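What follows is each chain in one-letter form.
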Amino acid sequence: MNLKDKLNIYYTDSGKPVTDSSWIQDAGGKIITTPFGQTITFVQQYPVASLHIDDTGTDIAAYCAMHRMEPITLDQCVFFDIETTSLSSGTGNYAFLIGLGYFSENKFTVEQVFMRQYGEEPAVLFHCAERLQKFKTIVTFNGKTFDIPIIKTRYRINRIQGFPVSMPVIDLLKPARSIFKSIYASCSLKSLEELLLGITRTDDIPGYQIPDVYFTYQQTGYDPRLTAVIEHNRIDITSMVLLLVFFNSLYTLIHTKQFDQVPTHLYKNIAKHLYSRNIQLFIELIEYAGYALLDNDHSLFKKFSTALKRSGLLEQALTFWEKHINLFSLEELAKHYEHRVKDYHKALSYCTWATAHSKELSDNQKLIEHYTERFTHRINRLNRKIQ
């Protein structure tokens, strides 16, 4: 379909349906009526046990604590995912399928609102706003960057009230990237399903094909791939539930200091994840894992040193720097003896030794040049103080 054909779709007479409704009935779709007209919903329910959840009132306190959120329970969350007419986030992008997942009466319900034609968008948005207002938190995957900005734009353009703009958003892509980006080749939801949840999709429609499916549907009235799009969206939502539970379980192990239950290959990334969230746990995890975790990782070495200082563990920091000599630790020792102890000669000895052995301490030329300049400046200042 060329660009002209796609643009013409937008000018379809909104009063004249362009769809063949038989596939909607076959897929279990039902007509709902709103003050803005009719639209279609697909509803699928799952036993809570199938999601390996014992109680829908279970809190996700560990996840909330890690991300500095107010504590909530699973049944206060709405899991949100959209399928759109474009892969961009521009204002011309429509959400033609909005999926909402939520717990009720010991079941997990996936409700998907489908826009048969562009004229139904206000009805779709109104119905979704009513649903969203019943919950305290929206859970997404890449939603802060993609889903939420797009849906807010659609509400503004249509002047539909009710979208909970101030509701907190959990974006599961953020912790996924923080912990797994350097470990796995991909942090897509599908990849995480396979690697973390043991879920393998079969006959799943690729995401890049989905916009074309809807354009074909608008042009011809039917595209057999639409049922696959609905299923794709449904799996996305149920997978977000499992992923949220996974991260909460992982964070629970960390918060309760059951480090022996955490896979060792995750220690380094989890430590970096903790640094800006819980500095005490960060220190304890490093000490449990061993200082070898810091080898060849200049950034993590600096973070651990900074964490010790911020926590008031200066003596521990000094012992650590004396035992683990590198350009950073030598500079920290020089700073300590210059500014705290006022022992300028000892501070100078650290600086001169560092510049003389810089190539032995690092094979990173840019790092060597960076610290050489800093040490040279400090040496000149110390010489003036000594004189």
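One numbering rule holds for all chains: residues counted from 1, following each sequence as written. Note on the predicted model: pLDDT of at least 70 is required for a residue's local features to be given, and 80 or more for side-chain atom pairs to be given and counted; whole-chain, interface and lining totals, by contrast, use all residues. As a rule here, side-chain values come from all non-hydrogen atoms in the structure, and water together with hydrogens is ignored.

Caption draft 1: Inspection of the overall build of the protein chain at higher detail. Each helix is a run of DSSP H or I of at least 4 residues and each strand a run of E of at least 2, with the numbering of both proceeding from the N terminus. Within the protein chain, the regular secondary structure consists of 17 helices and 7 strands. Radius of gyration means the value over C-alpha atoms here, while the globule rule gives 2.2 Å times the residue count to the 0.38 power. In terms of overall dimensions, the protein chain is more spread out than a globule: its C-alpha atoms have a radius of gyration of 28 Å, far above the 21 Å expected for 387 residues. Considering only C-alpha atoms, the protein chain reaches an extent of 90 × 50 × 40 Å along its principal axes. Think of it in three bands: residues with accessible area under 20% of the maximum for their type are buried, residues over 50% are exposed, and the middle band is partly exposed, with areas taken using a 1.4 Å probe on protein chains only. A burial count over the protein chain gives 49% of its 387 residues as buried. Long-range pairs, those at least 24 residues apart, make up 67% of the contacts in the protein chain between residues at least 6 apart in sequence. Between two residues, a contact is recorded if the distance between any of their heavy atoms is within 4.5 Å.

Caption draft 2: Spatial organisation of the state of the cysteines. Cysteine sulfur atoms that pair up within 2.5 Å are treated as a disulfide. Throughout the structure, instances matching the rule amount to 0 disulfides. The closest cysteine sulfur to the non-disulfide-bonded Cys-128 is located on Cys-77, 17 Å from its own sulfur.

Caption draft 3: Highlighting the confidence of the model for the protein chain. Summary of the metric used: pLDDT quantifies the predictor's per-residue confidence within the range 0 to 100. Looking at the protein chain, pLDDT values average 92 and 95% of them are 70 or higher. When pLDDT is averaged over each helix and strand of the protein chain, the minimum, 54, is found for helix α1 (residues 3-9) and the maximum, 98, for strand β6 (residues 137-140). Taken as a whole, residues 10-17 scores under 50 in pLDDT and shows 12 contacts with residues more than four places along the chain or in a different chain.

Caption draft 4: A look at the packing of helix α13 (residues 314-323) against helix α14 (residues 327-340). Where α13 contacts α14, the two axes come as close as 9 Å, and the packing angle between them is 135°. The angle between α13 and α14 falls in the class oblique. Classified by chirality, the crossing of α14 by α13 is left-handed. Listed contacts from α14 to Leu-314, Leu-318, Trp-321 and Glu-322 of α13 are Phe-328, Ser-329, Glu-332, Leu-333, His-336, Tyr-337 and Arg-340. Lines are fitted to the C-alpha atoms to define the axes, a helix being fitted only along its stretch in contact, and any angle between axes, read from their N-to-C directions, falls within 0 to 180 degrees. Oblique is the label for any angle not covered by the other classes, which are roughly parallel (under 35 degrees), roughly antiparallel (over 145) and roughly perpendicular (65 to 115). Working rule for handedness: look at the near helix, and if it is turned counterclockwise from the far one by less than a right angle, call the crossing left-handed; if clockwise, right-handed.

Caption draft 5: Quick peek at the pairing of strand β1 (residues 30-34). Note: two strands are recorded as paired if DSSP finds a minimum of 2 bridges between them. Here β1 runs beside strand β2 (residues 37-47); their pairing, made up of 5 bridges, is antiparallel. In the sheet register, Thr-33 faces β2, and the bridge partner there is Gln-38. In this structure, the hairpin formed by β1 and β2 is closed by a connection of 2 residues.

Caption draft 6: The side chain of Asp-81, seen in detail. Among the structural elements, Asp-81 can be located in strand β3 (residues 77-84). Charge counting follows a simple rule: Lys and Arg are positive, Asp and Glu are negative, and His as well as the terminal groups are ignored. The salt bridge criterion pairs a side-chain nitrogen of Lys or Arg with a carboxyl oxygen of Asp or Glu, the two atoms within 4 Å. We note that Asp-81 is buried and unpaired, the nearest opposite charge coming from Arg-201 at a distance of 7.5 Å. Only 3.0 Å separates the side chain of Asp-81 from the side chain of Asn-233, close enough to count as a polar contact. Leaving out residues up to four positions away in the same chain, Asp-81 has contacts with Leu-97, Ile-98, Gly-99, Asp-147, Asn-233, Asp-236, Ile-237 and Met-240. Under this definition, polar contacts are N or O atom pairs within 3.5 Å; protein pairs additionally need one hydrogen-donor-capable and one acceptor-capable atom, and for neighbouring residues in sequence, both atoms have to be side-chain atoms.

Caption draft 7: Highlighting the packing of aromatic side chains. A pair of aromatic rings is counted whenever rings of Phe, Tyr or Trp (Trp by its six-membered ring) have centres within 6.5 Å, and the orientation is called stacked for planes under 30 degrees apart, edge-to-face for over 60 and tilted otherwise. Tallied over the full model, the rule gives 34 aromatic pairs. Between Phe-180 and Phe-246, the aromatic rings sit 6.4 Å apart at their centres with planes inclined by 40°, giving tilted as the arrangement. Here Phe-180 is found in helix α6 (residues 173-180), whereas its partner Phe-246 is found in helix α9 (residues 226-255), with 66 residues between them in sequence. Between Phe-259 and Tyr-288 the ring centres are 5.5 Å apart and the planes differ by 50°, which places this aromatic pair in the tilted class. In this pair, Phe-259 sits in the loop between α9 and α10 (267-275) while Tyr-288 sits in helix α11 (residues 279-289), placing the two residues 29 residues apart along the sequence. Think of it as a cone above the ring: NZ of Lys or CZ of Arg counts as a charge over the ring if it is within 6 Å of the ring centre and within 35 degrees of the ring normal. Note that Arg-154 overlies the ring of Tyr-94, its terminal NZ or CZ placed 4.1 Å from the centroid.

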